[in-house]
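Spelled out, the chains give:
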Amino acid sequence: MQIKEIDKTYVANTYDRYDPVFVSGKGSLVYDDTGKAYIDLAAGIAVNCFGIADDAWIKAVTEQLGKLQHLCNKYYTAPQAILAQKLCERTGMKKAFFANSGAEANECLIKVARKYGHEHHGADCSNIITLKNSFHGRTMATLTACGQDSMHTDFGPFVPGFLYADANDFASVEALADDSVCGVLMEMVQGEGGVNALDADFVQAVAALCKKKDILLLVDEVQTGNGRTGKLYAYMHFGVQPDVVSTAKGIGGGLPLGVCMMGEKTADTLTAGTHGSTFGGNPVCCAGAVNILDRLDDALLSDVTRKGDFIRRELLSCKGVAGVSGMGLMIGVSLTDKKAADVAHACLDAGVMVMTAKDKIRILPALNIPDELLSKAIDIMKGIIEA
Ligand SMILES: *Cc1c(COP(=O)(O)O)cnc(C)c1O
């Protein structure tokens, strides 16, 4: 059987896959099994920060792989400790817990918020406010946390303790923020929800309310983090300091790694035995992440901003584009007439990989995509949108 038939026969039907079968790549170029090349503007959903088969990352990963691939988390290993130190030093957070995915990082964040609420404000303080249209993962708790009704069918009963406010509507958060609430969870740019950045006024007002009421400010940086928006973490654009930050996707550079970072208030909330993971903080994933994090320096971050501005400028001058949203290299494109899904299919046929988010095209290239490839891909995309 051909790969596509085998996949259709034996792999669960959870993904509506595109047609090509991909076999290899280098940087921002990916090749299918016919040898056709594609320019990658998706980076595996903001995962492959430095593209495919990046030499320095492969070296870091394979060196660790040859030394020690895994041990139980009851033992010390260097890559996890060093990664935690570097993350804390660059964010002002105090401690890191390592998981394997974004959803798991958010599970940890939810546990921290509830335990903090219980310890400081009593057993009834366990509700978490999230925003409508948000996305936080697909485990039962994180799925419940998502503020999207479409995700809340068929899988009930749901995990209690989530309240939904409207993004950019401070009054709707304030109205829910009673003594039962231990945290407010937000993405600074809603990714799956359509690449919509929150207003700075709104984020700052929520942060001030949280501070006043000792409610934890919880920021989901799974997609926005690790240089994607032109800062190391997107909250850094907003002048706020969260109490808990979750991240995943880009931090591992392509290996599964999630992180939940705790700030001053919550550094000691989790104690021995209250949380854990078999694979979380695996030495190989962490060695790769240390390499990624070290390269997310000021020069790289300002280049992300420059490339994002270039894409924005190009697309705003394109007939058929109604608007461009997002920050840095996390970009949503709304169209006047065409359907985003149709444009994504046509782009793929023309050798450019893009994603969609709701009714927008979503662009999330590798942070180091070469300028020539980027402008070639944007030209192809513009041609399709204008046609
Ligand atoms: C992708 C994503 C998640 C879930 O991450 P997984 O690794 O798929 O579990 C959670 N939150 C946000 C904002 C995401 O974009």
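Here, the structure is the one placed above.
Being a predicted model, the structure only gives us computed values, none of them experimental.

So what's going on with the overall build of the chain? Residues and values would help.
Along the backbone of the chain there are 12 helices and 17 strands. For 387 residues, the compact-globule formula gives about 21 Å, and the C-alpha radius of gyration of the chain, at 21 Å, lands near that figure. Considered along the principal axes of its C-alpha atoms, the chain spans approximately 60 × 50 × 45 Å. Counting every position in the chain, which comprises 387 residues, the buried fraction comes to 53%. Considering only intrachain contacts with a sequence separation of at least 6, the fraction spanning at least 24 residues in the chain is 71%. Accessible surface computed for the chain: about 17,100 Å², of which carbon and sulfur atoms make up 54%. In the chain, 37 positive and 46 negative side-chain charges are present, and the distance between their average locations comes to 3 Å.

Explain the site of the ligand residue by residue, including any values.
The local shell around the ligand consists of Ser 101, Gly 102, Ala 103, Asn 106, Phe 135, His 136, Gly 137, Glu 187, Asp 220, Val 222, Gln 223 and Lys 249. With the chains in place, 80% of the 390 Å² that the ligand exposes on its own is no longer accessible. By residue number, the principal contributor to the shell around the ligand is helix H5 (residues 102–121), which donates three residues. Counted by class, the shell around the ligand contains three nonpolar, six polar and three charged residues.

Account for the pairing of strand E1 (residues 22–26), naming residues and giving values.
As paired elements, E1 and strand E2 (residues 29–32) share four bridges and run antiparallel to each other. The residue bridging Gly 25 from the neighbouring strand is Val 30, located in E2. The turn linking E1 back onto E2 is made up of two residues, and Gly 27 within it adopts a positive phi angle of 60°.

Would you mind going over the pairing of E2 in detail, with residue names and values included?
In E2, alternate side chains face the same way, and those of Val 30 and Asp 32 are buried while those of Leu 29 and Tyr 31 on the opposite face are not. One ladder, built from three bridges, connects E2 with strand E3 (residues 37–40); its direction is antiparallel. Each bridged residue has a counterpart across the sheet, and for Tyr 31 the counterpart in E3 is Ala 37. Connecting E2 to the antiparallel partner E3 that follows it, the hairpin turn spans four residues, and Gly 35 within it adopts a positive phi of roughly 90°.

Outline the environment of Val 352, listing residues and values.
Within the secondary structure, Val 352 sits in strand E15 (residues 352–353). For Val 352, a relative accessible area of 0% corresponds to the buried category. For the pair Val 352 and Pro 160, spaced 192 residues apart in sequence, the C-alpha separation works out to 42 Å. Setting aside its immediate chain neighbours within four residues, Val 352 contacts Tyr 38, Ile 39, Leu 41, Cys 347, Ala 377 and Ile 380.

Account for unusual backbone geometry, naming residues and giving values.
A cis amide bond links Gly 156 to the next residue, Pro 157, at an omega of 0°. With respect to the helices, strands and loops of the structure, Pro 157 is situated in the loop between helix H6 (140–145) and strand E6 (162–165). Of note, Asn 133 is a non-glycine position whose phi angle comes to about 75°, a positive value. Tracing the sequence through the fold places Asn 133 in the loop between strand E5 (127–131) and H6. The backbone of Val 195 shows a phi angle near 55°, a positive value even though the residue is not glycine. Tracing the backbone through its elements, the reader meets Val 195 in the loop between strand E8 (189–190) and strand E9 (196–197). On the basis of relative accessible area, Val 195 is assigned to the buried category, the value being 0%.

Explain the nonpolar core to me, using residue names and the numbers behind them.
One finds Leu 41, Met 186, Ile 361 and Ile 363 to be the most contacted residues of the largest nonpolar core, which totals 85 residues. Those residues in contact with Leu 41 that lie beyond four places of it in its chain are Val 352, Met 353, Val 354, Arg 362, Ile 363, Leu 364, Pro 365, Ile 369, Leu 374, Ala 377 and Ile 378. Core analysis: the second largest hydrophobic core is formed by 21 residues, Ala 99, Ile 110, Ala 141 and Val 244 among them.

Report on the sheet that holds strand E16 (residues 355–357), specifying residues and quantitative values.
What holds strands together in a sheet is hydrogen bonding between their backbones, with the strands either parallel or antiparallel. The strand order across the open sheet formed by four strands is E13-E14-E17-E16, and the pairing between neighbours is antiparallel. Edge positions in the sheet fall to strand E13 (321–327) and E16, since each of these pairs with one other strand and no more. Neighbour-to-neighbour, the strand axes of the sheet open up by a mean angle of 30°, direction not taken into account. With respect to the sheet, helix H10 (residues 298–316) is in contact with E13, strand E14 (330–335) and strand E17 (360–363), its orientation differing from that of E13 by roughly 170°. Against the sheet, helix H12 (residues 371–386) makes contact with E13, E14 and E17, and its axis sits at roughly 175° relative to E17, the strand it touches most.

Can you tell me about the sheet that holds E5, naming the residues and giving the values?
Within the open sheet, the seven strands sit side by side as E4-E12-E11-E10-E7-E5-E6. Their pairing is mixed. Both outer strands of the open sheet, strand E4 (95–99) and E6, are each paired with one neighbouring strand and no more. Ignoring strand direction, the axes of neighbouring strands in this sheet form an average angle of 20°. Inspection of the sheet shows strand E11 (residues 244–247) paired to strand E12 (residues 258–262) by four bridges, in the antiparallel sense. Bridged to Val 244 within E12 is Met 262. In the packing of helix H4 (residues 78–91) onto the sheet, contacts are made with E4 and E12, and the angle to E4 comes to roughly 130°. Taken strand by strand, helix H8 (residues 200–213) contacts E5, strand E7 (181–186) and strand E10 (216–220), and its axis lies near 160° from that of E7.

Which residues make up the packing of helix H3 (residues 55–67) against helix H9 (residues 283–295), and what values go with them?
Taken N-terminus to C-terminus, the directions of H3 and H9 make an angle of 150°; their axes are 8 Å apart at the nearest point. It follows that H3 is roughly antiparallel to H9 by the angle criterion. You can see that H3 and H9 cross each other, and the crossing is right-handed. Contacts between H3 and H9 involve Ala 56, Trp 57, Ala 60, Val 61, Gln 64 and Leu 65 on the former and, on the latter, Pro 283, Val 284, Ala 287, Gly 288, Asn 291, Ile 292 and Arg 295. Across the contact of H3 with H9, the residue classes tally to nine nonpolar, three polar and one charged.

Rules used throughout
Residues numbered from 1 in each chain as written. Predicted model: local features only at pLDDT ≥ 70, side-chain atom pairs only at ≥ 80, totals over all residues. Heavy atoms only, no water. Helix = DSSP H or I, 4+ residues; strand = E, 2+ residues; numbered from the N terminus. Rg over C-alpha atoms; globule rule 2.2 N^0.38 Å. Buried < 20%, exposed > 50% of the residue type's maximum accessible area, 1.4 Å probe, protein only. Contact = heavy atoms within 4.5 Å. Areas by Shrake-Rupley, 256 points an atom, 1.4 Å probe, with all protein chains shown as cover. Lys, Arg positive; Asp, Glu negative; His and termini not counted. Charge placed at Lys NZ, Arg CZ, Asp CG, Glu CD. Near = heavy atom within 4 Å. Nonpolar A, V, L, I, M, F, W, Y, C, P; charged D, E, K, R; others polar. Pairing = 2+ DSSP bridges. Core = buried A, V, L, I, M, F, W, Y, C linked by side-chain atoms within 4.5 Å. Axes fitted to C-alpha atoms, helices over the stretch in contact; angles between N-to-C directions. Parallel < 35°, antiparallel > 145°, perpendicular 65-115°, else oblique. Left-handed = near helix turned anticlockwise from the far one by under 90°.

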